[in-house]
Amino acid sequence: GESMSQAQEASTPGGRWSQTALPIRETSQRYAAAAFTADLAALRSLMPHERLHPVQVWKGRGLLLLEATEATWTAADEPLFDVRSILVGTAVSVGAAPAKPLEPMGDIFSTEGIASSKAGFLTLQLLVSNADAADFFTEAVGYHDVRVADIDCGTTPLAEWFVAGIDGVSAIGLAVR
């Protein structure tokens, strides 16, 4: 993976996307999301900084979130790119020590529209279907683990589904009713 200095350098102004007109919008054609519990120790091992802690939602379990989209991104109503993506993330608390179980969830999912400095959402990995999207999410958004993958998606009478593979190897799939 990249070092923190590489990630910071990639997200600083001056890259290909630095002159992109605002507002930037995503319009989804397909969308699916799911939440699962995951081993808290395994999530803890993925934290990029010692002050980030996965939120405990059950004894020894944290929250793993998957979000899949097929979308068009535009800047000032001009198309930038079409992309299929699968995001893997987790809810985190910020501080010297982990928060009490479920305590920061109200901060993350607040309807007040006010960002909290105590909790948030950490993207662990983002898979995208093309290099333009990978460059955009790395340079303009600042994600540090963006990979180009073969992503297919569709709709059946029972579900929206997404499947991603990297170098011909199946990596992840999601189907949501």
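The rules behind these values
Residues numbered from 1 in each chain as written. Predicted model: local features only at pLDDT ≥ 70, side-chain atom pairs only at ≥ 80, totals over all residues. Heavy atoms only, no water. Pairing = 2+ DSSP bridges. Helix = DSSP H or I, 4+ residues; strand = E, 2+ residues; numbered from the N terminus. Axes fitted to C-alpha atoms, helices over the stretch in contact; angles between N-to-C directions. Buried < 20%, exposed > 50% of the residue type's maximum accessible area, 1.4 Å probe, protein only. Core = buried A, V, L, I, M, F, W, Y, C linked by side-chain atoms within 4.5 Å. Contact = heavy atoms within 4.5 Å. pLDDT = per-residue confidence, 0-100. Polar contact = N/O pair within 3.5 Å; in protein donor to acceptor, adjacent residues only side chain to side chain. Phe/Tyr/Trp six-rings, centres within 6.5 Å; stacked < 30°, edge-to-face > 60°.

Caption draft 1: Layout of the pairing of strand 8 (residues 150-155). Two strands pair when backbone bridges link them, and strand 8 and strand 9 (residues 160-166) are joined in this way by 6 bridges, in the antiparallel orientation. Note on strand 9: the bridge partner recorded for Cys 153 is Phe 162. The hairpin turn running from strand 8 into strand 9, its antiparallel successor, is 4 residues long.

Caption draft 2: Spotlight on the sheet that holds strand 8. Strands sit in the order 8-9-10 across an open sheet of 3 strands; the sheet is antiparallel. Looking at the sheet topology across the chains shown, the edges are occupied by strand 8 and strand 10 (169-176). Strand after strand, the sheet turns through a mean of 10° between neighbouring axes, direction not considered.

Caption draft 3: Representation of unusual backbone geometry in the model. Following Leu 22, the chain continues into Pro 23 via a peptide bond in cis, with omega recorded as 0°. Looking at the secondary structure, you find Pro 23 in the loop between helix 1 (4-10) and strand 1 (24-39). The backbone of Asp 77 shows a phi angle near 70°, a positive value even though the residue is not glycine. Given the relative accessible area of 60%, Asp 77 is considered exposed. The phi torsion at Asp 167 lies on the positive side, around 55°, for a residue other than glycine.

Caption draft 4: The nonpolar core, seen in detail. In terms of nonpolar packing, the biggest core is built from 21 residues, with Phe 162, Ala 164 and Ile 172 touching the most fellow members. Elements represented by at least two residues in this core include exactly strand 1, strand 4 (61-75), strand 5 (78-94), strand 6 (119-128), strand 8, strand 9 and strand 10. When near neighbours in sequence (up to four residues on either side) are disregarded, Ile 172 contacts Leu 66, Ile 86, Val 88, Leu 127, Phe 162, Val 163 and Ala 164. Within the second largest apolar cluster, 13 residues are counted, among which are Ala 71, Phe 81, Leu 126 and Ala 133.

Caption draft 5: Inspection of the confidence of the model for the protein at higher detail. Per-residue pLDDT for the protein has a mean of 83; in total, 83% of the residues score no lower than 70. No element of the protein has a lower mean pLDDT than helix 1, which averages 35, and none a higher one than helix 2 (residues 40-44), which averages 97. Predicted confidence for residues 1-13 stays below pLDDT 50, and this span has 9 contacts to residues more than four positions away or in other chains.

Caption draft 6: Representation of the environment of Leu 64 in the model. By secondary structure assignment, the location of Leu 64 is in strand 4. As for Leu 64 and Pro 54, which are separated by 10 residues in sequence, their C-alpha atoms are 9.4 Å apart. Discounting chain neighbours no more than four positions away, the residues touching Leu 64 are Ala 34, Ala 35, Phe 36, Ala 38, Leu 43, Val 88, Gly 89 and Leu 124.

Caption draft 7: Highlighting helix 4 (residues 131-141). Regarding helix 4, the residues found buried are Ala 133, Ala 134, Phe 136, Phe 137 and Thr 138. The backbone nitrogen of Asp 132 has a side-chain oxygen 3.2 Å away, supplied by the residue at the start of helix 4, namely Asn 130. At the C-terminal side of helix 4, Gly 142 shows a positive phi close to 95°.

Caption draft 8: Region of interest: the packing of aromatic side chains. The full count for this structure, using the stated rule, is 9 aromatic pairs. Ring geometry for Trp 73 versus Phe 136: centroids 5.5 Å apart, planes at 55°, classification tilted. With a gap of 63 residues between them, Trp 73 in strand 4 and Phe 136 in helix 4 connect regions that are remote in the sequence. Take Trp 73 and Phe 136: they sit in the same class, and that class is buried. Taken together, a centroid distance of 6.0 Å and an interplanar angle of 15° make the contact between Phe 137 and Tyr 143 stacked. The exposure class assigned to Phe 137 is buried, which follows from its relative accessible area of 7%. With a relative accessible area of 26%, Tyr 143 lands in the partly exposed category. Through a chain of ring-to-ring contacts, three or more aromatic side chains come together here, namely Trp 17, Trp 73, Phe 81, Phe 136, Phe 137 and Tyr 143.

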